[in-house]
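# Descriptive analysis of the structure
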Amino acid sequence: MWLQLAWSLVLASSAASSASRRCEDSLATPLPYSSFSSSSVYGRGYGAGYAKLNRKQGAGGWSPLDTDRYQWLQVDLGSRKQVVAIATQGRYSSSDWTSKYRLLYSDAQRNWRPYLQDGNIWTFEGNRNSEDVVRQELQHAILTRYIRFIPLEWNKDGRIGVRLELYGCSYWADVISFDGTGIISYRFRSKKMKIVKDVITLKFRTTVRDGVLLHGEGQQGDYISLELSRARLLLSINLGSSEYGSIQGHTTVASGSLLDDDHWHSVVIERYRRNINFTLDHHTKHFRTNGEFDHLDLDYEVKSRNLTFSCVESSSSPVFFNSTSFLQLPGQSNGDTLSVSLSFRTWNPSGLLMFTELADGWVELGLVEGKVTVYMNVTQKKNTRIEISSGSSLNDGQWHSVHLNALENHAMLTVDGDEASTVRTAIPIQVQTGGVYFFGGGSFLAASSRSLQRSFQGCMQMIHIDDHLVDLRAVEQGLIGTFENVTLDMCAIIDRCVPNHCEHGGECSQTWDTFSCNCSGTGYTGATCHSPLYQQSCEEYELQGQSSGAYWIDPDGSGPIAPFRVHCDMTEETVWTTLRNNLSPQTQTVVLESHDVMLKSLQLLFPLFSPVQLWSVTSRAESCEQFVAYACRMSRLLNSPDGVPFTWWVGRANEKHFYWGGSGPGIQKCACGIENNCTDPGHFCNCDAELKEDAGLLLYKDHLPVSQVVVGDTSKSGSEAKLTVGPLKCRGDRSYWNAASFTSPASSVHFQSFPGETSTDISFYFKTSSPHGVFLESVGGSSRLHIQIRGRLLCSVVLLTLEVGGELVQLSVHSPRPLNDDEWHRVQVEKNIKEAVLVLDGRHREVRAARTQAHAKLELYTDLFLGASSGQRSFLGCMRALRINGVIFDLERRAAETPGVSPGCQGHCSRYEMHCRNGGKCVEQYNGYSCDCSLTAYDGPFCTDDVGGYFETGTLVRYDFLPDMGAPVPDEMKGSPGWGLSGEANLTREELVFSFSTHSAPSILVYISSRTQDSLAVVLRQNGTLQIRYSLGGLMEPFTIDIDRRNMANGQPHSVNITRSFREIRLQLDHYPLSTYTLPETSDVHFNLVKSIFLGKVFETGQIDPVLIERYNTPGFVGCLSRVQFNSVAPLKAALRSGMTAPVSTHGILVPSNCGASPLTIPPMSSAHDPWHSETAGSVFPFKEEKKRADGVNRNSAIIGGIISVVIFSVLCILVFVVRHTFRHKGSYHTNEAKGAESADCADAAIIVNDPAFTETIDESKREWFI
């Protein structure tokens, strides 16, 4: 085995380098014609040597004989160069150019390596015509002598053609090659080195997967080592460990894979104290060493082992197979021994390695689920099938060797040279070879009745047939065998899991074409385990309708803080988050008895939470608290405010605090000292008087949680202290409600651009009444981000435009209903290297797979604008909880500094919602608002206009509940026990509200039936009094409520509100106090299967209360009904509004009218004057409203009113006389005509022309007054 290493090593306490010149030399133009070669030439004058940029010699460039993907142009740079860019043109003045191509490079015209970028074999964009120069910068410079240009696509109307230039500069380095047995020592100037800062750089290449590259150590146990293990690079370092093992400084970090590919790899190690940057081929890992030491103590030399001089090129030549490749090679015919061996590497678990036909059957060698399997079919013995297999998980990307040998009626299979595990089996015939061998696949696959599935994808080398190594160069020259879609002398295997794109600890697995992430147990989801699986706080769970309990939360979303489990208390109006310490709720009290030690410490831990997790909760919360209590006996607590405290506690940032629960920072007192109620007025804590207890809440959240309590007064004989420390409790989530309001189409808020990441996620909530607008946008050099809402006829669409690394992605998510409904909606965007995702409200989703090469970062160099910055219409409405890559943006702070934007969600409804009355819903609109009255019994701009109708004799209105609809639920009752939306539900609560006026009695006002015998009726009896009849089952007769103290059939408007909750019935009549009644215990509490609502009269089949029909149903109600609403159903409004679709019918004449009803503005009567109040039960309440009480108070009021009227009339007469006298002047004429009279038809018209508002005065004055 050989390990070739070319390296430069620097070990120093400081590093400095001089600035080098710009690496921009033209590398191809100065070369002679002979430095260019190609796969073929179209003709004389088309040679490879003419392929120089801007040259016109010959035919003006290179063109191959065949126009296919097997062509190449090779440039020999003469020596190793550093190449940083390439520029291309088409062939001069022709239709021949190359539109896409790849680059291969090598140091010895063998083992070619494709240029990689973003973890993929990179495809460059070429030309669109023959003259324009297209330059492509290499993301990473390459060091090489030979470069091959591989055309992939070209002009369809022409041929392959190219002129090119390579840019870079010379490169030189000492090269040392070894055979694995020697050692080179680098000696320091002093015998020992105690180093704080190191920089180590080297480059290596090898075909061996294991070996030590560098090692150095010191006498105190410090060491540094760099080695290859299974083709991965391991850096091990130890800055020091303690003698007894309490401090372990050993640290090992792995990087890279497939490093045994015989290509150059660059290593840079930078250390400053414990901070290390470990860079391999431009991929850097940042980490800190374990332990507490900062210096690397080494002896006077650093050794490079297992390396000896002699830079010998490897004799193996790999072959690269894709899914359509095959290699056909000859072997011995009619031989009695079948011997095939090869080495392979692949990521696919299955694929064909070799197939050959025998004289009586065939043999197949391949991978099946990671095992090497041999199938042998013998046709001479009635298709006898033989199967043997060996190995496991051989699709790991490593080189594995296989040897199959069949002779003398038996077969042997050996994997990875392990003779001890060789598998042997007997075969029923003597083998007779066919002489043709297929490797990787072939056209025979469809014709043969074999079992193996798909072609091999990967690399092979060291192919032996009949114990002879195959000469692949002869195959390439067409001397032996044949091939298709095979790349000789190159292994283009890529480890798609290095670097690991699976975030948050996701497990990466791969095939040849792609990788996948297993996110199980990480707390994250998505193609790369980037998106959080849990909500950011208890507040978000509560808004989703969850109840109290234990939940996982992830405060920073896709950020580095891992999710953790907390307890959420959602029983109050605000949500509480509880984080428990290592004291369980049953053992939160710890007894500290007397001891000789002066200080006794109680260490409190939050074992389930890291410090950053605790901070993520407290920093976002509106407030936090932690309960502490100190029960004492002869053990003082804080001493006096000016003295040295006996006890203190340690909080966040390991700071000591000398205040106790119920007090605050800087105040060395307890709660009783703040409230001046301590047992001993001479002390500020009860325990400072050595008795009782001091307890309270610690409320300053920047100091919480309590991590340690130190008690200092426990040394007295008989002293005792009981310490109680509760869990940390935090209320609310400020970042979740961090919002800004955009009130102008031109308003916007800008933030600095966020750092580019391979994966980017954006999340925010919005609500708006505008159908169009831009949410946010940002434009970078090659990146663009734009999110907007666009309204359509019956729906809305959210559009995402994302451009990353030249790839344009446009996604759209449609909502089945308009999004400008002034409700909160959520937008989530994620872009990773596998896909782009747009999600609306967690339900509507669109996913777009990324291009194979799309591993670029989203680099935005301009500010991020919320709203539009490019002259488009900005978003109008509220936005909150904006989070990008786990970072919450402070919208409120930036909005306070920006005109046209205000902090918080301050829409029109937040200021004017009080104007939407009677249950109307405020709807945001641009520059205003409107009231949605659809679920009320009212109409008008503010839901204050009564909707009523006048019922003629025999008129009725019927509203039917469909079986699957039932009675809708009022908002305040939703979620209450016993309430349901379905007509099959059993209601335990209902509310009936209406107004009426009539002179007719008896009559039925409202009747609500059911599909059972349950019912509710409100009637006027013969004497005009009101009666409510409940029949809910369980009673022989309906339960009645008689309001028999007042005649309601007096032609005046009356309002009725009946609300039932289980057995309790509450009645509000007009402006009188609320009355409460209770159903008997024998009555059912369920109103079963509500069926219909009748207004004015009942026309119903089935069993009905006979009293209603006999006494009240004929001739029917005559008068006005308005404001009728049962829960959220307004049957009378549905009957009178022709545009409403509802199961309602009308019989008879119904004339729209508001019945003279008006909103209640009269305050309730006091109980002293309320005739219904129990204390006035002896009062006589007359039935005739026109008979007024003739007491003294009323007579005095009438006399005083008359006197005042006479005085006012006299004063007005005097004023009229004075005015007429003042404007009467002899010999002059004055007019007060308004301007514009000359163009008006009359004086009145002139006034109207001059004052447009005068029309309002005229409208308001269109009244007739009769005196």
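As the structure is a computational prediction, the values presented were derived from the model and not from experiment.

Looking only at helices and strands, one finds eleven helices and 86 strands in the protein chain. Counting every position in the protein chain, which comprises 1267 residues, the buried fraction comes to 50%. Here the analysis covers contacts within the protein chain between residues at least 6 apart in sequence; of these, 68% occur between residues at least 24 apart. Taken as a whole, the protein chain presents about 60,900 Å² of accessible surface, with 51% of it coming from carbon and sulfur.

On to the pattern of salt bridges. Counted by the stated rule, this structure contains 38 salt bridges. The salt bridge involving Glu 125 is made with Arg 128; its shortest N-O contact spans 3.5 Å. The class of Glu 125 is partly exposed, set by a relative accessible area of 36%. Assessed through its relative accessible area of 55%, Arg 128 is described here as exposed. Note that Glu 897 is salt-bridged to Arg 893, the shortest N-O span being 3.6 Å. Take Glu 897: its relative accessible area is 53%, and that puts it in the exposed class. Connected via shared salt-bridge partners are Arg 80, Asp 107, Arg 110, Arg 205 and Asp 262.

Moving on, we come to unusual backbone geometry. Glycine aside, residues mostly have negative phi, and peptide bonds are mostly found in the trans state. In this structure, Pro 705 follows Leu 704 across a cis peptide bond, with omega equal to 5°. Relative to the elements of secondary structure, Pro 705 occurs in the loop between β50 (693-698) and β51 (708-711). With phi around 55°, Asn 334 is a residue other than glycine that occupies positive phi space.

Two aromatic rings are characterised by how far apart their centres lie and by the angle between their planes. The tally for this structure, following the rule as stated, stands at 29 aromatic pairs. Arranged with centres 5.5 Å apart and planes meeting at 80°, the rings of Tyr 736 and Tyr 765 form a pair that is edge-to-face. In this pair, Tyr 736 sits in the loop between β52 (720-731) and β53 (739-742) while Tyr 765 sits in strand β55 (residues 760-767), placing the two residues 29 residues apart along the sequence. Among the residues examined, Tyr 736 registers a relative accessible area of 2% and is labelled buried. You can call Tyr 765 buried: its relative accessible area is 10%.

Another aspect to go through is the side chain of Arg 1123. By secondary structure assignment, the location of Arg 1123 is in strand β84 (residues 1119-1126). With a relative accessible area of 6%, Arg 1123 lands in the buried category. At 2.7 Å, the side chain of Arg 1123 forms a polar contact with the side chain of Asp 946. A distance of 3.4 Å separates polar atoms of two side chains, one belonging to Arg 1123 and the other to Ser 995.

Glancing now at the sheet that holds strand β79 (residues 1054-1061). The seven strands are arranged β81-β80-β79-β74-β84-β71-β86 in an open sheet whose pairing can be described as antiparallel. For this open sheet the edge positions go to β81 (1075-1078) and β86 (1150-1152), each flanked by a neighbour on one side alone. The average undirected angle you get between the axes of adjacent strands in this sheet is 25°. Pairing of strand β74 (residues 989-998) with β84, which is carried by six bridges, proceeds in the antiparallel orientation. Across the sheet, residue Thr 998 finds its bridge partner in β84, namely Gly 1119.

Mapping Asp 946 onto the fold places it in strand β70 (residues 945-946). Looking at Asp 946, the relative accessible area reads 14%, which means it is buried.

This part covers the pairing of strand β27 (residues 351-358). Within a regular strand, the side chains alternate between the two sheet faces. Most of β27 is tucked away: seven of the eight residues are buried. Relative to strand β28 (residues 361-368), β27 runs antiparallel, the two being bridged by seven bridges. Following the sheet pairing, Thr 356 is matched in β28 by Val 363. Counted along the chain from β27 to the antiparallel partner β28, the turn is two residues long. Across four bridges, the pairing between β27 and strand β34 (residues 433-439) is antiparallel. For Leu 358, the partnering residue across the bridge sits in β34 and is Thr 433.

Taken together, the side chains of Ile 1204, Ile 1208, Val 1211, Leu 1212 and Leu 1215 define a hydrophobic patch exposed on the protein surface, amounting to about 460 Å² of accessible area. Tracing the backbone through its elements, the reader meets Leu 1212 in helix α9 (residues 1192-1222).

What follows concerns helix α3 (residues 611-618). Looking only at α3, the buried set comprises Gln 613, Leu 614, Ser 616, Val 617 and Thr 618. Close packing links the buried residues of α3 with β42 (549-553), β43 (564-569), β44 (576-579), β47 (623-633) and β52.

Reading the values: the criteria
All residue numbers here refer to positions counted from 1 along the written sequence of the relevant chain. Owing to the predicted nature of the model, reporting of local features is limited to residues with pLDDT of at least 70; listing and counting of side-chain atom pairs is limited to 80 or more, with chain, interface and lining totals taken over all residues. As a rule here, side-chain values come from all non-hydrogen atoms in the structure, and water together with hydrogens is ignored. A run of H or I in DSSP counts as a helix once it spans at least four residues, and a run of E counts as a strand once it spans at least two, with each numbered from the N terminus. For the exposure calls, accessible area comes from a 1.4 Å probe over protein chains only, and a residue counts as buried if that area is under 20% of its type's maximum, exposed if over 50%, partly exposed in between. Between two residues, a contact is recorded if the distance between any of their heavy atoms is within 4.5 Å. Accessibility throughout is a Shrake-Rupley quantity obtained with a 1.4 Å probe, and a residue counts as covered only by protein chains that appear here. For this analysis, a salt bridge means a side-chain nitrogen from Lys or Arg found within 4 Å of a carboxyl oxygen belonging to Asp or Glu. What counts as a ring pair is set by centres within 6.5 Å for rings of Phe, Tyr and Trp (its six-membered ring), and what kind of pair is set by the plane angle: stacked under 30 degrees, edge-to-face over 60, tilted for all other angles. Residues adjacent in sequence count toward polar contacts only when both atoms are side-chain atoms; beyond that, a polar contact is any pair of N or O atoms within 3.5 Å, and within protein one must be able to donate a hydrogen and the other to accept it. Criterion used throughout: strands pair if DSSP finds at least two bridges between them. Axis definition: a line fitted to C-alpha atoms, over the contacting stretch in the case of helices. Angles run 0 to 180 degrees between N-to-C directions. Here the term patch refers to residues with relative accessible area over 30% and no salt bridge, with like charges joined within 9 Å and nonpolar side chains (Val, Leu, Ile, Met, Phe, Trp, Tyr) within 5 Å.

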